[in-house]
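# Chains, contacts and geometry: an overview
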Amino acid sequence: MQDRSARHRSRTAAAVLTAVSLLGTAALAGCDAGRDGTTKGAAAEKQRPPAKPGPLWDRRPGSVAAVGDSITRGFDACSVLTDCPEVSWATGTDSGVRSLAVRLLGESGAAERSWNHAETGARIAQLPEQMALAAKENPDLVTVMIGANDACRDSARFMTPVADFRASFEASMRQLRAGAPKAHVYVSSVPDLKRLWSTGRGNPLGKQIWKLGICQSMLGDADDMGARAVARRTSVQERVVAYNDVLRKVCAKDRRCRYDGGAVFDYRFTGKQLSQWDWFHPGRNGQARLAEIAYRNVTSARPPT
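Residues numbered from 1 in each chain as written. Predicted model: local features only at pLDDT ≥ 70, side-chain atom pairs only at ≥ 80, totals over all residues. Heavy atoms only, no water.

### Some thoughts on the sheet that holds strand 4 (residues 184-187)
- Here we have five strands laid out as an open sheet, ordered 2-1-3-4-5, and parallel in their pairing. The two strands at the open ends of the sheet, each matched to only one other strand, are strand 2 (114-116) and strand 5 (257-259). When strand polarity is set aside, the average angle formed by the axes of neighbouring strands in this sheet is 15°.
- Each of strand 3 (141-145), strand 4 and strand 5 touches helix 7 (residues 162-179); the most contacted strand, strand 4, lies at about 155° to it.
- The strands that helix 13 (residues 284-298) touches are strand 3, strand 4 and strand 5; relative to strand 4, the one it contacts most, it runs at about 135°. (Pairing = 2+ DSSP bridges. Helix = DSSP H or I, 4+ residues; strand = E, 2+ residues; numbered from the N terminus. Axes fitted to C-alpha atoms, helices over the stretch in contact; angles between N-to-C directions. Contact = heavy atoms within 4.5 Å.)

### Re the pairing of strand 4
- Burial along strand 4 is two-sided: the residues His184 and Tyr186 and Val185 and Val187 are all buried.
- The pairing of strand 3 with strand 4 spans four bridges and is classified as parallel. Residue valine 144 lies in a different strand from strand 4, and its bridge partner there is valine 187.
- Pairing analysis gives three bridges linking strand 4 to strand 5, with the strands arranged parallel. Across the sheet, valine 187 pairs through a bridge with tyrosine 259, a residue of strand 5. (Buried < 20%, exposed > 50% of the residue type's maximum accessible area, 1.4 Å probe, protein only.)

### Regarding helix 4 (residues 100-112)
- The end-to-end C-alpha distance of helix 4, which contains 13 residues, comes to just 14 Å, noticeably less than the 18 Å that a straight helix rising 1.5 Å per residue would cover.
- A bend of about 115° at glycine 106 is the largest found in helix 4.
- Regarding helix 4, the residues found buried are Leu100, Ala101, Val102, Arg103, Leu104, Leu105, Gly109 and Ala110.
- If you follow the buried residues of helix 4, they end up packed against strand 1 (64-68), strand 2, strand 3 and helix 13. (Expected span 1.5 Å × (residues − 1). Bend = angle between axes of the 7 residues up to and from the residue.)

### A short note on the packing of aromatic side chains
- One pass over the full model with this rule turns up one aromatic pair.
- Both rings, one in phenylalanine 165 and one in tyrosine 243, keep their centres 4.1 Å apart while their planes meet at 10°; by these two values the pair is stacked. Highlighted residues: phenylalanine 165 in helix 7 and tyrosine 243 in helix 11 (residues 227-252), separated in sequence by 78 residues. Each member of the pair phenylalanine 165 and tyrosine 243 is classed as buried.
- Over the face of the ring belonging to phenylalanine 269 we find arginine 195, whose NZ or CZ atom lies 5.6 Å from the ring centre. (Phe/Tyr/Trp six-rings, centres within 6.5 Å; stacked < 30°, edge-to-face > 60°. Lys NZ or Arg CZ within 6 Å of the ring centre and 35° of its normal.)

Right, dumping it as structure tokens:
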């Protein structure tokens, strides 16, 4: 009897210890529980925002479509008042320029799998229509260079308002995404028009050509250094900077869009890069430099800063 009683007391003590242990664990868990019954760790996990997906970028696209203005059409690069798309920085086939398409796809690939939908004289308001055409090609990459004509007007007061510029570029991106949701987009900054003025004004022939009506908001009365002329040029420069800020911010919202980081705006071009016909548009040399900038940025492992 004593042995059975001892065994009974031993089993009872073990049961009590187990119950105490379980109650202690429950109490500790209860102290860490939230009002909704979840633990603090679970609540924190629940409140943590999901990680944002990183940018997507194809450094070796298999086809290229270009949209934009006269620069992408190679205007005045080969002969006066004429488009010359074969020397376009984006899709041209000229061996001296070695366009972005040629560098990415080779000469035969560029001829077969690149398309140029840019239009001479185009402003940002025409870009959605160009984007729709580009989307129909189902390209891997779309290049964008637009905005110079929005700042280059007969008078600075006619420049495209920044809000309108933004609305048109956003509409352009929506238009592209509606038809080509996976296309990558390389966006070039608007060139530095004030540097164009300071570089070209040293050429007497260039200044005479400018008087025919080229970009009067910046290039008009090229030798006038009075307060009003200086203020006019400054306002154009500030508008170009604002346009580039729009291009950067809108592009940043799209995972498959890459802005050039201001590389074209910052490029320190000289008269060697300008057209001999108008001292405004890029000549062959200028087109080649634009192609170099684009290729470097498109194939970079990281986007420009």
